[in-house]
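Read off the chains here:
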Amino acid sequence: MLVEMGLRWLWRHRVSALLAALLIFLLLTLLATHSLLNNRTHELRPTADRRSQRKAVEKHTPIPHQPARHTPTARAERRRRAQAPVVFLKTHRTGSSTVQNILFRLGERESATFAFPQRTYQFNYPNRFRAAFVDELPEGSSQFDLLCSHMRLDLPQVRKVMPLNTVFITLLRDPIETFESVFRYHTSNVPAFLSAHRAAAREGKPALKAFLDSPETFWDPKEPGNGLAKNPMSFDMGLNNQKWNGSWPEDLAQLEEAFHLVMIAEHFDESLVLLGALLGLEREDLAYLRLNARAKNSVTELDENMRAKVRSWNVLDTLLYDFFAQVFWEKAGQFGLDRLKAETEKFRESTERIRRRCVSRESVPPAELEDLLRPRQTESVTIVGFEVRGNLSLQDQGFCVRMMLPELQYHSHLYFKQYGRDMRAAPAD
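Within each chain, residues carry numbers counting from 1 in the order of the written sequence. Thresholds applied to this predicted model are a pLDDT of at least 70 for local features of residues and 80 or more for the giving and counting of side-chain atom pairs; totals over whole chains, interfaces and linings are not thresholded and use all residues. Note that the side-chain values use all heavy atoms of the structure and ignore hydrogens as well as water.

1. Quick notes on the overall build of the protein
Here is the rule we go by: Under the scheme used here, helices are H or I runs from DSSP no shorter than 4 residues and strands are E runs no shorter than 2 residues, and both carry numbers assigned from the N terminus. Buried, partly exposed and exposed residues are distinguished by accessible area as a fraction of the type maximum, computed with a 1.4 Å probe on protein chains only: under 20%, between the cut-offs, and over 50%, respectively. Residues are treated as being in contact if the distance between any of their heavy atoms lies within 4.5 Å. For the area figures, the Shrake-Rupley method with a 1.4 Å probe applies, and any residue is considered shielded solely by the protein chains shown.
Check the secondary structure of the protein and you find 18 helices and six strands. The 429 residues of the protein split such that 52% are buried. A separation of at least 24 residues holds for 78% of the contacts in the protein among residues at least 6 apart in sequence. Surface accessibility of the protein: about 20,400 Å² in total, with carbon and sulfur atoms responsible for 53%.

2. Considering the side chain of arginine 184
Convention followed: A residue counts as positive if it is Lys or Arg and as negative if it is Asp or Glu; His and the chain ends are not included. Here, a salt bridge means any side-chain nitrogen of Lys or Arg that lies within 4 Å of a carboxyl oxygen of Asp or Glu.
For arginine 184, the location among the structural elements is in helix H6 (residues 175-185). Buried charge without a partner: arginine 184 forms no salt bridge, and the closest opposite charge is glutamate 180, 4.9 Å away. In this view, arginine 184 contacts Arg294, Asn297, Ser298, Val299, Thr300, Ser380 and Val381; residues no more than four positions away in its chain are not counted.

3. Examining the state of the cysteines
Filter applied, for reference: Disulfides are defined as pairs of cysteine sulfur atoms found within 2.5 Å of each other.
Taken as a whole and assessed by the stated rule, the structure comprises one disulfide. Residue pairing for cysteine 358: its cysteine sulfur links by disulfide to cysteine 400, the two sulfurs lying 2.0 Å apart. One disulfide, between cysteine 358 and cysteine 400, carries an S-S torsion of -65 degrees and so falls in the left-handed class. Note that cysteine 358 is positioned in helix H16 (residues 337-358) and cysteine 400 in helix H17 (residues 394-403), a separation of 42 residues in sequence.

4. Some thoughts on the environment of threonine 187
Applicable threshold: Definition of a polar contact: a pair of N or O atoms within 3.5 Å, with one able to donate and the other able to accept a hydrogen when the atoms are protein atoms, and with sequence-neighbouring residues admitted only if both atoms are side-chain atoms.
Along the polypeptide, threonine 187 turns up in the loop between H6 and helix H7 (191-203). Linking threonine 187 and threonine 378, residues 191 residues apart in sequence, is a C-alpha distance of 8.7 Å. For threonine 187, the residues in contact, after removing those within four places along its chain, are Val182, Phe193, Leu194, His197 and Ser380. Within the structure, the side chain of threonine 187 is placed 3.4 Å from the backbone oxygen of arginine 184, a separation counted as a polar contact.

5. Re the nonpolar core
Keep this limit in mind: Residue types Ala, Val, Leu, Ile, Met, Phe, Trp, Tyr and Cys, when buried and joined through side-chain atoms within 4.5 Å, form a set referred to as a nonpolar core.
One finds Leu103, Met151, Ile169, Phe259, Met263, Leu320 and Phe324 to be the most contacted residues of the largest nonpolar core, which totals 89 residues. Of all the elements, helix H15 (residues 315-335) adds the most residues to this core, at eleven residues. Ile176, Ala192, Ala196 and Ala207 belong to the second-largest nonpolar core, a separate cluster that totals 25 residues.

6. Considering the environment of leucine 394
Relative to the helices and strands, leucine 394 resides in helix H17. Take leucine 394: its relative accessible area is 55%, and that puts it in the exposed class. Remark: the alpha-carbon pair of leucine 394 and proline 64, spanning 330 residues in sequence, is separated by 7.4 Å.

7. Comments concerning the packing of H16 against H17
In a pair of packed helices, the angle between the axes and the distance between the axes together describe the arrangement. We count it as follows: Helix axes use the C-alpha atoms of the stretch in contact, all axes being lines fitted to C-alpha atoms, and the angles between their N-to-C directions lie in the range 0 to 180 degrees. Working rule for angles: under 35 degrees goes down as roughly parallel, over 145 as roughly antiparallel, 65 to 115 as roughly perpendicular, anything else as oblique. In the scheme used here, Gly and all other residues not listed as nonpolar or charged are polar, with Ala, Val, Leu, Ile, Met, Phe, Trp, Tyr, Cys and Pro taken as nonpolar and Asp, Glu, Lys and Arg as charged.
Viewed as axis vectors pointing N to C, H16 and H17 meet at an angle of 105 degrees, and their least axial separation amounts to 10 Å. Accordingly, the angle class assigned to the pair H16 and H17 is roughly perpendicular. For the pair H16 and H17, contact is made by Ile354, Arg357 and Cys358 and by Asp396, Phe399, Cys400 and Met403, respectively. Its residues placed into classes, the contact of H16 with H17 shows five nonpolar, no polar and two charged.

8. Quick word on helix H14 (residues 304-313)
As a reminder, the rule being used: It is the directions from the helix axis to the C-beta atoms that the arc portrays.
Residues Met306, Val310 and Trp313 constitute the buried set of H14. Summarising the axial view, the buried residues of H14 lie within an arc of 70 degrees, below the 170-degree limit, and thus occupy one face. Of the exposed residues in H14, the ones pointing more than 90 degrees away from its buried face are Glu304 and Ser312. On its buried face, H14 sits against H6, helix H8 (207-213), helix H9 (215-218) and H15.

9. A word on the side chain of glutamine 157
In this structure, glutamine 157 sits in helix H5 (residues 155-161). With a relative accessible area of 15%, glutamine 157 lands in the buried category. Aside from chain neighbours lying at most four places away, what touches glutamine 157 is Phe129, Arg130 and Ala131.

10. Some details on helix H12 (residues 268-279)
Using the following cut-off: Given the number of residues in a helix, its expected span is that number minus one, multiplied by 1.5 Å.
Here H12 contains twelve residues, and its C-alpha end-to-end distance of 16 Å stays within 8% of the 16 Å for a straight helix at 1.5 Å per residue. Among the residues of H12, those classed as buried are Phe268, Asp269, Glu270, Ser271, Leu272, Val273, Leu274, Leu275, Gly276 and Leu279. Once H12 finishes, glycine 280 follows within two positions and takes phi at roughly 70 degrees, a positive value.

11. Concerning the sheet that holds strand E2 (residues 146-147)
As a reminder of what qualifies: Whether two strands pair comes down to DSSP finding at least two bridges between them.
Taken in spatial order, the four strands line up as E2-E1-E3-E4 in an open sheet, and their pairing is parallel. Among the strands making up the open sheet, the edge pair consists of E2 and strand E4 (261-264). Looking at chain direction, strand E1 (residues 86-89) and strand E3 (residues 167-172) are connected through four bridges and run parallel. Across the sheet, the residue bridging to leucine 89 is threonine 170, located in E3. Against the sheet, H12 contacts E1, E3 and E4, and its axis sits at roughly 155 degrees relative to E4.

Below, the structure written as structure tokens:
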């Protein structure tokens, strides 16, 4: 009853809230655009000293040089230089590593300034994001242009770091598929999952089944490391992931107002077409390979009983997903459903051509991959990767390697390129 009342309140006030938000956004956009047009060229182009430093850094980087793009039209060049900053909330096990790779490639090519964590590749997760977690602004840069490393969202704190005209995007996935993947991937580092795994080993049954049979037995909400153990997408979005409360409708409305696009993993290509329209990107910019994917034997098949238990345990994620799925299709309708269908088909054809050009083998076991292209493995799953096709030109090799580059390797490469030093290690416990 409380959920239904909250949702009715949310949808009743949604139109007026959106109109007010739109007026404020338009005003801020006008102010930001004026500043952007005056400063953007300087901000996205490093100084001569900075260019020299980056060239020196690249000599010691085992990644092929970034390929030269085709010569753009003057209009396209102006569009890219005026591109708004972007925040991508990287949610766990939703396909977000693939989207992050697209943004990494875009940012590297455009010499954007990344807002990186001070240590490792996450913003002190699972703590809520704080502006203090961000590394210093590099010499020669006046603002951060891209923030797409793992964090638990805190909108006011993120806004302290990023410019007013920042575009906010994220990605959600079916809650059942998300939770199965989160459980398998993070079995060893989420205390509730690890306890279930040990109990299952004693009882001789699958760990996920043991957990779902009595999740409250293993889940301690006071344990900081258990954030992903219940409603993991809600947790990443900065929401109360433990139980429904009266703030949920307002919190959802604030997220809808803040995020320009919430992509849906089950409609990934359509989501990327909308992302391309939002950011002014071309099809080649959006081409992708599915990164951080598990081997088939690392996926747990769920029967209907287990699926029902996952849905019941993650009811807030279901609410979150259903809400933003509806918002997604509203945005698709504004774009034009027939247009979206046609553009998605063209995008898939373009991406498939690029995949055939780049990939000699996919779903390659980690033992058969070189270090540069080997994804991070966990104790509970096997993550497969890609093998780049041989006899490529230098330009194609640079493009193709980047498209299949795992998160940690690409993150380290970009950090070193930006700061001229390796990422700092996480402090010892």
